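A structural walkthrough
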Amino acid sequence: MEMVKPVGGPILEVKNLTISAPSLKKELIKSMDLAIQPGKMLGLIGESGSGKSLTAAAILGLLPPTLQVTGGKITFMDLEITALPENKARALRGRDIAYLSQNYQGFFTPFIKIGEQLVEVIQSHGRMKKSEAKEKSLYWLDKVSLPAQRVYDSYPYQLSGGMLQRASIASAIMFRPKLIIADEPSTALDVLTGERILDLLVELQQELNCSVLLISHDLNHIINRTEEMAVMYGGQIVEQGSTAEVHRNPVHPYTQMLLQSRLKLSRNIPDRLPAMEGEAAWVEKSGCPFAPRCKWASAQCHEIPPMSKINGSHLVACHAVSAERMKAYARS
Ligand SMILES: Nc1ncnc2c1ncn2[C@@H]1O[C@H](COP(=O)(O)OP(=O)(O)OP(=O)(O)O)[C@@H](O)[C@H]1O
């Protein structure tokens, strides 16, 4: 499939995307706008149930049959993914768009050696002799800092969690994808192994010069590793912009709450961290999704707030952000 990258434009653009569950008469993602620039890492953060994985599934063309895209579109390079027939979407997945999930245990079939599985993946995407496919597999296993030959000859159950996640990364990047969707790739690992996996992802992104959508519920991961970030609540993006700017100047009350409840290294550690009040399931159905947990909520919040520009690429959807406050941010 020939694709042309729009000059100067994003590699992936999600425009006004709405995903619905018709049987439940419910919109799970509402009017979402998101763009990832070539060679950049964008972090998507939100509590459980906010819609991060559904966004990933829609980009991959893998929404369950009970859900539908009922508005908007997703464009990758110059292709409208949301309008692609399944065979074309399948050709895109695993080749131009790679997917990494937290479920590395389920990535490989248990009783087939890793090497055999990698060779099969390579051969399924094009003609290549087995010996060449083996060489390619060993190259990428080595690239993710694994003892290549040993892992190639191992069954999945013979590897540790961190090694398996590295092997799944090798499999995902073997075709030098233009976009990697990493959905909580470190969540199921211990803290240090998880950090190393994220470091590896950043290294590979720079080496391959590809774009990454890093999905996480851990704000530290997003702040430490991404250039742009988007904050999701109840199926909507409530704030987005450069990570440094959103970190320095969080404007949406939800982003502020997330940042306040973050664990930081400090000499003066408080006895108790400020807890985030309420539950992620408290979502306003027809207005600002965060209204039920927001201390600034007013009657106006029964309507969906438009995205307003704070400065540069920094955008926020909040009625409580007054014009004066925006001007003050723009001046700071
Ligand atoms: N097949 C489905 N049918 C109906 N509702 C669904 C379906 N899949 C997901 N949902 C709902 O859509 C919302 C978003 O789910 P999603 O899995 O995208 O959340 P998430 O932010 O990825 O959460 P987590 O961090 O726990 O994975 C949730 O309320 C979830 O219950």
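Values in this document were obtained by computation on a predicted structure and should not be read as measured data.

**Thoughts on the overall build of the protein chain**
On a plain count of helices and strands, the protein chain comes out with 11 helices and 12 strands. The proportion of buried residues among the 332 residues of the protein chain is 50%. Summarising the internal contacts of the protein chain: among those between residues at least 6 apart in sequence, 64% fall at separations of at least 24. Looking at the protein chain as shown, the accessible area adds up to about 16,600 Å², and 51% of this sits on carbon and sulfur atoms.

**Quick look at the packing of helix α6 (residues 161-173) against helix α7 (residues 191-208)**
It is the contact of α6 with α7, at a shortest axis distance of 10 Å, that shows an interaxial angle of 20°. Relative to α7, the element α6 is oriented roughly parallel. The chirality of how α6 crosses α7 is right-handed. The residues of α7 that touch α6, namely those facing Gly 162, Gln 165, Arg 166, Ile 169 and Ile 173, are Thr 193, Arg 196, Ile 197, Leu 200, Leu 204 and Leu 208. Of the residues belonging to the contact of α6 with α7, the class tally is 6 nonpolar, 3 polar and 2 charged.

**As for unusual backbone geometry**
Its identity is not glycine, yet Met 77 carries a phi of approximately 55°, on the positive side. Note that Met 77 resides in the loop between β4 (68-76) and β5 (79-80). Overall, the relative accessible area of 6% leaves Met 77 in the buried class. Its identity is not glycine, yet Glu 184 carries a phi of approximately 50°, on the positive side. Position of Glu 184 among the secondary structure elements: in the loop between β7 (179-183) and α7. Given the relative accessible area of 7%, Glu 184 is considered buried.

**Focus: the sheet that holds strand β9 (residues 228-233)**
Adjacent strands of a sheet pair through backbone hydrogen bonds, lying either parallel or antiparallel. Pairing is mixed across the open sheet formed by 8 strands, whose spatial order is β6-β7-β8-β3-β9-β10-β12-β11. Two strands in the sheet have a free side with no partner beyond their single neighbour: β6 (97-101) and β11 (308-311). Taken over all neighbouring pairs, the strand axes of this sheet differ in orientation by 20° on average, direction set aside. Bridge count for strand β3 (residues 41-45) against strand β8 (residues 211-216) is 5 bridges, and the pairing is parallel. Across the sheet, residue Leu 44 finds its bridge partner in β8, namely Ile 215. Sheet strands in contact with α7 are β3, β6, β7 and β8, and its direction is about 160° off that of β8.

**Things to note about the UniProt feature "domain: ABC transporter" (unreviewed entry) in the protein chain**
Per the UniProt annotation, the sites labelled "domain: ABC transporter" (unreviewed entry) are residues 12-259. The annotated region residues 12-259 carries 39% helix and 27% strand content, and the separation between its end C-alpha atoms amounts to 27 Å.

Reading guide: rules and limits
- Residues numbered from 1 in each chain as written.
- Predicted model: local features only at pLDDT ≥ 70, side-chain atom pairs only at ≥ 80, totals over all residues.
- Heavy atoms only, no water.
- Helix = DSSP H or I, 4+ residues; strand = E, 2+ residues; numbered from the N terminus.
- Buried < 20%, exposed > 50% of the residue type's maximum accessible area, 1.4 Å probe, protein only.
- Contact = heavy atoms within 4.5 Å.
- Areas by Shrake-Rupley, 256 points an atom, 1.4 Å probe, with all protein chains shown as cover.
- Axes fitted to C-alpha atoms, helices over the stretch in contact; angles between N-to-C directions.
- Parallel < 35°, antiparallel > 145°, perpendicular 65-115°, else oblique.
- Left-handed = near helix turned anticlockwise from the far one by under 90°.
- Nonpolar A, V, L, I, M, F, W, Y, C, P; charged D, E, K, R; others polar.
- Pairing = 2+ DSSP bridges.
- UniProt positions renumbered as here; feature names shortened; annotations may be inferred.

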